[in-house]
Amino acid sequence: MSLKEAAAPRVVLGVTGSIAAFRAADLASQLTKAGCVVDTILTRGGAKFITPLTLGSLTRQPVVVEEEESLREGQPVHIWLADRADLVIVAPATANLLAAYAQGFAHDELTCTLLATPKDIPVLIAPAMNGKMWLHPAVQENVATLKARGVEFIGPDEGLLACGYEGIGRLWPVEEIALSVLEHLDVAEDRE
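From a predicted model like this one, the values you see are computed outputs, not experimental measurements.

Observations concerning the overall build of the chain
- The helix and strand inventory of the chain stands at nine helices and ten strands.
- Taken against the 2.2 N^0.38 rule, which gives 16 Å for 192 residues, the C-alpha radius of gyration of the chain at 16 Å falls within 12% of a compact globule.
- Seen through its C-alpha atoms, the chain measures out along the principal axes to roughly 50 × 35 × 30 Å.
- Relative to its full complement of 192 residues, the chain shows a buried share of 52%.
- Considering only residue pairs separated by 6 or more positions, the chain has 70% of its internal contacts joining residues 24 or more positions apart.
- Carbon and sulfur atoms form 54% of the exposed surface of the chain, whose accessible area is close to 9400 Å².

Structure follows, in structure tokens:
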């Protein structure tokens, strides 16, 4: 590992089971090109939309998937990731992920990592779901709970949704998500 790689900011990218999961490939690529080390956690639902091979090829890092229980440097992988993260971003984030995180459920590697992330590490959430789901009172309560804990939300955007409805719920533009991540890491000015 070179000195440059050792000093690179480390981002944990969580990818959940939204149709927008394919856009995580572009986000992972942009962050990697900007000099970040991107560790990806792909949920079981996310893996229905995008493969570990795609994300691993773009980040040049092994992708954590639900089916594996592994250790990294002698630690459970979720502890290893959380301890090394400079920032955690979940993009896209489903209503299920928001509920689990708000209620403290640790039922997969992503929620375990989120719960193990130190309080001083920024956590960003980029939701993507049907507008009716996004506007449901239960989802909005979970969003309010997470915001009160310091989690920052990026989006959602408005427009044509995959389900055919027009409205709020689209994943925020990937370029803007990447810029927000880089601004939090104070590396936005270093981008090409």
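Once the structure has been displayed, the description carries forward.
Regarding the nonpolar core
- With 32 residues, the main nonpolar core has Val 11, Leu 13, Val 15, Leu 27, Leu 31, Ile 89 and Val 181 as its most contacted residues.
- The set of elements that each furnish at least two residues to this core consists of strand 1 (10-15), helix 2 (24-33), strand 2 (37-42), strand 6 (87-93), strand 7 (123-127) and helix 9 (174-184).
- Look past the residues within four positions of Leu 31 in its chain and what remains in contact with it is Val 11, Cys 36, Val 38, Ala 178, Val 181 and Leu 182.
- Formed by 27 residues, the second largest nonpolar core is a distinct cluster that contains Val 77, Leu 98, Ile 125 and Leu 146.

Structural notes on unusual backbone geometry
- For the bond from Ala 91 to Pro 92, the omega torsion is 0 degrees, close enough to zero to count as cis.
- When you line up the elements, Pro 92 lands in strand 6.
- Looking along the chain, the bond that leaves Gly 155 and enters Pro 156 is cis, with omega of 15 degrees.
- One can find Pro 156 in the loop between strand 8 (152-153) and strand 9 (157-160).

Digging into the side chain of Thr 59
- Position of Thr 59 relative to the elements: it lies in helix 3 (residues 52-59).
- Judged by its relative accessible area of 4%, Thr 59 is buried.
- For Thr 59, the contacting residues outside a window of four places in its chain are Ala 28, Thr 32, Val 38 and Thr 40.

So, the packing of helix 2 against helix 3
- Where helix 2 meets helix 3, the closest approach of the two axes is 8 Å, and the angle between their N-to-C directions is 15 degrees. It follows that helix 2 is roughly parallel to helix 3 by the angle criterion. For the pair helix 2 and helix 3, the sense of crossing is right-handed. The residues of helix 3 that touch helix 2, namely those facing Ala 24, Ala 25, Ala 28, Ser 29 and Thr 32, are Thr 54, Leu 55, Leu 58 and Thr 59.
- When its residues are assigned to classes, the contact of helix 2 with helix 3 shows five nonpolar, four polar and no charged.

Rules and cut-offs
- Residues numbered from 1 in each chain as written.
- Predicted model: local features only at pLDDT ≥ 70, side-chain atom pairs only at ≥ 80, totals over all residues.
- Heavy atoms only, no water.
- Helix = DSSP H or I, 4+ residues; strand = E, 2+ residues; numbered from the N terminus.
- Rg over C-alpha atoms; globule rule 2.2 N^0.38 Å.
- Buried < 20%, exposed > 50% of the residue type's maximum accessible area, 1.4 Å probe, protein only.
- Contact = heavy atoms within 4.5 Å.
- Areas by Shrake-Rupley, 256 points an atom, 1.4 Å probe, with all protein chains shown as cover.
- Core = buried A, V, L, I, M, F, W, Y, C linked by side-chain atoms within 4.5 Å.
- Axes fitted to C-alpha atoms, helices over the stretch in contact; angles between N-to-C directions.
- Parallel < 35°, antiparallel > 145°, perpendicular 65-115°, else oblique.
- Left-handed = near helix turned anticlockwise from the far one by under 90°.
- Nonpolar A, V, L, I, M, F, W, Y, C, P; charged D, E, K, R; others polar.

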